[in-house]
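# Structural characterization, general
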Amino acid sequence: MTRYGSFPGTRPRRLRTTPAMRRMVAETRLHPADFILPAFVREGISEPVPISAMPGVVQHTRDSLKKAAVEALEAGVSGIMLFGVPEDANKDALGTAGTDPDGILQVALRDVRAEVGDELLVMSDLCLDEFTDHGHCGVLDAQGRVDNDATLERYAEMAQVQADAGAHVVGPSGMMDGQVGVIRDALDQIGREDVAILAYTVKYSSAFFGPFREAVASSLKGDRKTYQQDPANARESLRELALDLEEGADMVMVKPAGPYLDILAKVADASDVPVVAYQISGEYSMVEAAAEKGWIDRDKAIMETLTGIKRAGAQNILTYWATEAAQRLR
């Protein structure tokens, strides 16, 4: 065998030799504008309340929420997604606090919008689960099942109230069939054609939502397997995508992110609108817990997980590390 030069002649390691070389050939780059910060605002508290299952994350007061929004803006984060946490006494079967103009979420939307204007996208979770005394994402029928079409009526009202409170973007997360179309119609009827819809297009019934239950003081009884997707299935994700795009979704989301990178890649390949992924509470808490034990390097693990999500096809990422990661990148 004739050899030309040393063997092997092809050495991929040449492009890994120094930090400068690795930086130059990197295929995926994170930027502060990639990130959206999820934030919780709780009714009836005077100081932020730490969430024990999510070290470093709190239920905000109205004042501390405004400060968090400004901090995210200054770090270069693109948006803040708000979740309201009402007092238990204000929860009921229909989640009426979620459509009360003076409910905690609507008040917080007005607060944050007044603080940041149009410089930071103010986004709103559009779902009933935080506001119902049964913890489900919709209205229940006489048999205790989530009534899809009755729930859509509540979502339409919720969209209008959130838009009036200042939301730039609404995020319907309940996985009701037809929710995007109904919400688009409801917004257009009140002249809110400029309010965008970030559709929770692919939302799996996941064990990784666990810490979020504490974050929103969930009253959930049972589970959400009849309306959230089965982790065993992939094809229905593309079906959900096609339906949401047809109904007018401006952006689409895959949730959770890390355990479903294959789904994220499929959705990104098929979508002609921006694709977002939500790095959820359980993903966050696992890294924080392992780092607390000294088992992993926290900072490196954070950036690696975010890079993997973007590499799989996400244009934007909801992450509880949004401000921290953005500050680091700057």
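Residues numbered from 1 in each chain as written. Predicted model: local features only at pLDDT ≥ 70, side-chain atom pairs only at ≥ 80, totals over all residues. Heavy atoms only, no water.

### What about the pairing of strand 9 (residues 275-278)?
Our working definition: The cut-offs for exposure are 20% and 50% of the maximum accessible area for each residue type, with area from a 1.4 Å probe on protein chains only; residues under the lower value are buried, those over the upper are exposed, and the others partly exposed. The secondary structure listing takes helices from DSSP runs of H or I that are at least 4 residues long and strands from runs of E that are at least 2 residues long, numbered from the N terminus. For two strands to pair, DSSP has to find at least two bridges joining them. The handedness of a crossover follows from its direction of travel: if, with the strands pointing away from the viewer, the path from the first strand over the helix to the second runs clockwise, the crossover is right-handed.
Taking every second residue as pointing to the same face, both faces of strand 9 are buried, with Val275 and Ala277 on one and Val276 and Tyr278 on the other. Bridge count for strand 8 (residues 251-255) against strand 9 is three bridges, and the pairing is parallel. In the strand pairing of strand 9, Val254 is matched with Ala277. In terms of handedness, the path from strand 8 via helix 8 (residues 261-270) over to strand 9 forms a crossover that is right-handed. Across three bridges, the pairing between strand 9 and strand 10 (residues 316-318) is parallel. Residue pairing across strands places Ala277 opposite Ile317, the latter belonging to strand 10.

### Some thoughts on helix 4 (residues 148-165)
Let me state the cut-off plainly: By this rule the span expected of a helix is its residue count minus one, scaled by 1.5 Å. Between two residues, a contact is recorded if the distance between any of their heavy atoms is within 4.5 Å. Contacts described as polar in this section are N or O atom pairs within 3.5 Å, which, within protein, must combine one atom able to donate a hydrogen with one able to accept it, while residues neighboring in sequence count only if both atoms come from side chains.
Compared with an ideal rise of 1.5 Å per residue, which puts 18 residues at 26 Å, helix 4 spans 25 Å between its outermost C-alpha atoms and is within 8% of the ideal. When helix 4 is considered as a whole, its buried residues turn out to be Thr151, Leu152, Arg154, Tyr155, Ala156, Met158, Ala159, Val161, Gln162, Ala163 and Ala165. Those residues of helix 4 that are buried are in contact with helix 3 (104-116), strand 5 (121-126), strand 6 (169-172) and helix 5 (179-189). At the N-terminal end of helix 4, a side-chain oxygen is found 3.2 Å from the backbone nitrogen of Asp149, two or three residues along, and the residue is Asp147. Positioned one or two residues after helix 4, Gly166 has a phi angle of 120 degrees, which is positive.

### Here we look at helix 10 (residues 298-311)
Three- or four-residue spacings in an α-helix give side chains the same orientation, since the helix completes a turn every 3.6 residues. An ideal rise of 1.5 Å per residue puts 20 Å on 14 residues; helix 10 measures up with 20 Å between its terminal C-alpha atoms. Within the span of helix 10, buried status applies to Ala301, Ile302, Met303, Leu306, Gly308 and Ile309. On its buried side, helix 10 packs onto strand 1 (35-42), helix 8, strand 9, helix 9 (281-292), strand 10 and helix 11 (322-329). Following helix 10 by one or two positions, Gly313 has its phi on the positive side, about 135 degrees.

### Digging into the pattern of salt bridges
Where we set the bar: Criterion for a salt bridge: a side-chain nitrogen of Lys or Arg within 4 Å of a carboxyl oxygen of Asp or Glu.
One pass over the full model with this rule turns up 16 salt bridges. In this structure, the salt-bridge partner of Arg113 is Asp118, at a minimum N-O distance of 2.6 Å. Two residues, Arg328 and Asp299, come together in a salt bridge whose shortest N-O distance is 3.5 Å. Separated by 29 residues along the polypeptide, Arg328 in helix 11 and Asp299 in helix 10 bring together distant segments of the chain. Look at Arg328 and you get partly exposed, because its relative accessible area is 34%. The class for Asp299 is partly exposed, based on a relative accessible area of 37%. Among the ionic contacts, a cluster of salt bridges with common partners joins Glu288, Arg298, Asp299, Glu324 and Arg328.

### A closer look at unusual backbone geometry
For the peptide bond that leads from Lys255 to Pro256, omega is -5 degrees, which places it in the cis range. Assignment of secondary structure puts Pro256 in the loop between strand 8 and helix 8. A positive phi angle, close to 60 degrees, is found at Met175, a residue other than glycine. Along the chain, Met175 turns up in the loop between strand 6 and helix 5.

### Points about the state of the cysteines
Selection criterion: Two cysteine sulfur atoms make up a disulfide if the distance between them is within 2.5 Å.
Evaluation of the coordinates by the stated rule reveals zero disulfides. No disulfide involves Cys137; its nearest neighbouring cysteine sulfur is the one of Cys127, lying 3.4 Å away. Note on Cys137: relative accessible area 0%, which makes it buried.

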